[in-house]
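Geometric and topological summary
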Amino acid sequence: MSFPILSLLILTPIIGALTLSLSSSTQLKNKTVFLSGLWITTGEFLLSLLLPFFYDKSQNGYQFIEFHTWFDKFDINYYVGVDGISIPLILLTTFLVPICLLCSINSIQNRAKEFVIYFLLLESFIIGVFVSIDLVIFYVFFEAVLIPMFLIIGIWGGENRLYATFKFFLYTLAGSVLMLLAIIYIISKVKSGNIELISDFTFDQQIELVLFLCFFASFAVKVPMFPFHTWLPDAHVQAPTSGSVILAGVLLKLGAYGFIRLSLPFFEFASIYFQPMVFALSCVAIVYTSIVALRQLDMKKMIAYSSVAHMGFVTIGIFTLTQDGINGAYFQMISHGIVSAALFLIVGVVYERHHTRLISDYSGVTNVMPKYSFFFMVFMLSSVGLPGTSGFVGEFLVIMSTISVSVYLTFFTAIGVILGASYMLLLYKNINFGDLKSDIKQLTDLTNIEIFYFSCLAFLTILLGIYPKFLFEMINKSISLSII
Amino acid sequence: MVNLYQFIPEIFILSLILITLFFGLLNKDRAISLNTLGFIFLSILLFNYGKDFYSSTQLSLNTINLFVLSKIILSIGSIIFILLLKRPLKNENLYRYEYVLFILFAILGSFVLISSNNFLTAFIGLELQSLSLYLMAAFNTKNLFSNEAGIKYFSLGALSSGFLLFGISMIYYDTGSFTIQNLENFTAISEIGLSLVLISLFFKVSAAPFHIWTPDVYEGSPTISTLFFATLPKFASLIFLFRVYQELNISDIKSLNYIFQMVCAISLLVGVYGAITQKVIKRLLAFSSINHIGFMLLGIMSYQFMSEGTLFFYLIIYLITTFGIFAVLLNLRTVDGEFTKISQLNGLRFTSNSKSISMLVFFFSLAGIPPFAGFFAKFFILSASINDGFIFLSIIAVLSSVIAAFYYLTIIKNMFFNKLEIELLDDNNKIGKVIFITSGLIITLFFIFPDPLINLVDNLFK
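Residues numbered from 1 in each chain as written. Chains lettered and ligands numbered in written order. Predicted model: local features only at pLDDT ≥ 70, side-chain atom pairs only at ≥ 80, totals over all residues.

So, about the overall build of chain A. Looking only at helices and strands, chain A features 21 helices and 2 strands. A compact globule built from 484 residues should have a C-alpha radius of gyration of about 23 Å, and chain A, at 21 Å, falls within 12% of that. When its C-alpha atoms are laid out on the principal axes, chain A stretches across 70 × 60 × 40 Å. Across the 484 residues that make up chain A, the buried fraction comes to 58%. For chain A, the share of sequence-separated contacts (at least 6 apart) that also reach a separation of at least 24 residues comes to 80%. (Helix = DSSP H or I, 4+ residues; strand = E, 2+ residues; numbered from the N terminus. Rg over C-alpha atoms; globule rule 2.2 N^0.38 Å. Buried ≥ 20, exposed ≤ 12 C-beta atoms within 10 Å, placed from the backbone. Contact = placed C-beta atoms within 7 Å.)

Here it is as structure tokens:
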């Protein structure tokens, strides 16, 4: 197809951001700014919906390819294309960004224009990561994501936002620079940054192990895996609701996406070699962070830790190196993207009304906010993994695929499910049931806008839970190619 | 008969100096515009006929290209600098025409230094350059710090010149030649001599551990002089260092190679550790420049892979960024005078869009975060060094840039996250504004249109 749809996807938000930034700042009201941002991102979403329609599922390899020479001398090219692995994630991104803007219309009062601009830039950088099939441009986008996120947390975050945003930035950067060295080394060996060419190249085994670890450092911080996860709770707690949504919904997926897209096909030997390490770290992540989540007093922190646990399922699934496992992991990624985003929105709703995130400050909310409790329940159950919701499919597939590796692994993953159910149910019980506190009484139920976006998310959750096939159809072929 | 053709650029500057000496007494403003025009003319001359000047010499094509490109960069830098200097000097009541003369002398010295093929000529060039710099550091005679900076710079600089001379004489003693060329049949005396020469050059480019003067001189001097120290003379000394490294095949001499690598690693680390705790922005920039010198030394060492292009590209990006940052700093004033502390930048976001966003771009670029040009500069240097096998140094370099990101982020934090405390006054310097906005645009848009800059560097090396 000659129509440059991928470049258009990258450029639309940037152009939108430019137009916004050039418009005179004093004249615009907050509402107008958000509305224009919404128009741009909704347009972007509709544009991205073209991808699955025109994507030919029967073919191997990348489609909608665009190729321009970029740095002639160094053989670095602007080379983009999508396959089954990237399309759902692009859709997830374009779907979540308008919701982020919607949910912050009321909560972001100062510097609204900047806020929208950073979100638009963030969107285009994230899409850039998912569409690039050249290592250098992948890295450029992967790193560039940090800049708007740093500013979003730093400007509109909570009290301790500086600590959180610095930690977020430096952790991620420290991981990424090692990947940069590995990328440079690979390019100097293969003489090309093309992902497909590199997949065919076999490295010396010792070197492959080192390269794998370099990539691992970057992706493990992003996912985040167990010893590198400490930035996540801080960042989530301090970020504004929309920041948490995009962070949990999409940014964490960049790491897992990197594992599937780069680590597995590049380093087949090392992936098998380091399988036990990844399993061990993921098991610890699942059990340990679930227990930590049980003890949290802050709602956002609890959901943040639950994110780490859920991403543990993803890494386990990926490194079983079986079709089922990676399918399940991928499904879990998408499902977690929707559900955790929704849960952060849920927290945001009450925080905006009551200005506290402590679980103990809430009780009996269901009496005053029945609609809210309903949606909370849908997402909570999906997070727990109830059959019929999207959370079930991914977890089930991952657990099933672990049996072929080791029964102990299955045991620990299954424990994670139980622990997950216990802290989520506890959270739900403490907030929604019990005596109605006096200061809870004045809380108002969901507004129409909130109902709108919660229904969208709930619809998707249940749709994916009942009919997961359409997602699998999309990803099956591409994933089978990436394991070999 | 000496062929004077190859000295045209130097003669041109010399005549500019003479004209300015007479003419400047009468009218300072005219002298400035005259010099601007002169340097514009010189850049065009070099751009079009630069290679012809040296065609009668026996220099290799690569060396000629190196001369021409660095001289073009120096003259363009001088244009920008001369355009910029009037307002800041007036603010400090320092607007005297001698200042322009110092610049001219320093640039003349740099020209001589770059294209010298003989250690003694190089020494003359270096001294001409340095003496003007000492005077520029102490130019604000009523300010104690400026005097201190001048004296400190002078005494340490004189010491390093002593090293240089001593080193040169040792080489002469051993090999009987002053020429900068591949040494043959040399003994340990030459090695010691060369290491002394290197130490003196490391001092000039402020590579650690010979950097102690840098923060004090940067802080004490008038900001406009600091801008000059940070850019053009340093650039020239670095090019000369590069030539010494290349012509004398230092990579083959084990002991010197070792010194070079050590200095590179120490610069990378000292730069970042020194900068973390700084409260005064000029000191921070001084340490950050030491870190960048580390990267440049890495580029010098790994020139074999991608030719001089990598190093030049890094230098150009670094010069553009530094000019941009200082143009912003010079455009800001507190009520009492020059602003110095980083904390005074608090809340700049609320008072000035263009300044804060340009600073954001510059500091992210210095930190090497894509998509800004600074990332690509570092990327190419690292590519070259990994290809040449400096894996360990590359790891130090990237880790140091992570630490560096911390203090660059701190500045951005002050501008974007903190509340406005004291409003900084805008100096309304139109030229400064044009400079920082242009350099900001170059740094940002390089990502989309890399070709013009890359081709510029590339064509000259073909």
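Past the structure itself, the notes keep going.
On a plain count of helices and strands, chain B comes out with 20 helices and 2 strands. Relative to its length of 462 residues, chain B is compact, with a C-alpha radius of gyration of 21 Å against a globular reference of 23 Å. Along the longest, intermediate and shortest principal axes, the C-alpha atoms of chain B span 65 × 55 × 45 Å. Burial statistics for chain B: of 462 residues in total, 56% are counted as buried. Pairs at least 24 apart in sequence give 77% of the contacts found in chain B among residues at least 6 apart.

Time to look at helix 10 (residues 232–247) of chain B. Residues and elements named next belong to chain B. Taking 1.5 Å as the rise per residue, helix 10 with 16 residues should run 22 Å; its terminal C-alpha atoms sit 22 Å apart, in good agreement. A large share of helix 10 lies buried, amounting to 13 of its 16 residues. Just downstream of helix 10, Asn249 is the residue with a positive phi angle, here 50°. (Expected span 1.5 Å × (residues − 1).)

Here we take up the interface of chain B and chain A. Contacts between the two partners involve 23 residues from chain B and, on the opposite side, 23 residues from chain A. Sorting the residues of the side of chain B that touches chain A by element identifies helix 17 (373–387), helix 18 (391–416) and helix 20 (451–460) of chain B as the ones contributing at least two each. The leading source of residues in the side of chain B that touches chain A is helix 18 of chain B, at 11 residues. Among the residues making up the side of chain B that touches chain A, the classes are represented as 17 nonpolar, 4 polar and 2 charged. (Nonpolar A, V, L, I, M, F, W, Y, C, P; charged D, E, K, R; others polar.)

Residue and element names in this part refer to chain A. Its 20 residues place the ends of helix 13 (residues 275–294) 28 Å apart at the C-alpha level, agreeing with the 28 Å of an ideal helix rising 1.5 Å per residue. Taken together, the buried positions of helix 13 are occupied by Val278, Phe279, Leu281, Ser282, Cys283, Ala285, Ile286, Thr289, Ser290 and Ala293. Check the buried side of helix 13 and you find it contacts helix 14 (299–319) and helix 19 (407–432).

Glancing now at the nonpolar core. Of all hydrophobic cores here, the largest spans 355 residues; its most connected members are Val145 and Leu181 of chain A. Excluding anything up to four places from it in sequence, Val145 of chain A contacts Leu122, Phe125, Ile126, Val129 and Leu251 of chain A. (Core = buried A, V, L, I, M, F, W, Y, C linked by C-beta atoms within 7 Å.)

Moving on, we come to the pairing of strand 2 (residues 76–82) of chain A. Taken residue by residue, a regular strand's side chains alternate between the two faces of the sheet. All names here are of chain A. Counting buried residues in strand 2 gives 5 out of 7 residues, a clear majority hidden from the surface. Sheet topology places strand 1 (residues 63–71) next to strand 2; 6 bridges connect them, and they run antiparallel. Along strand 2, the bridge assignment pairs Thr69 with Asn77. (Pairing = 2+ DSSP bridges.)

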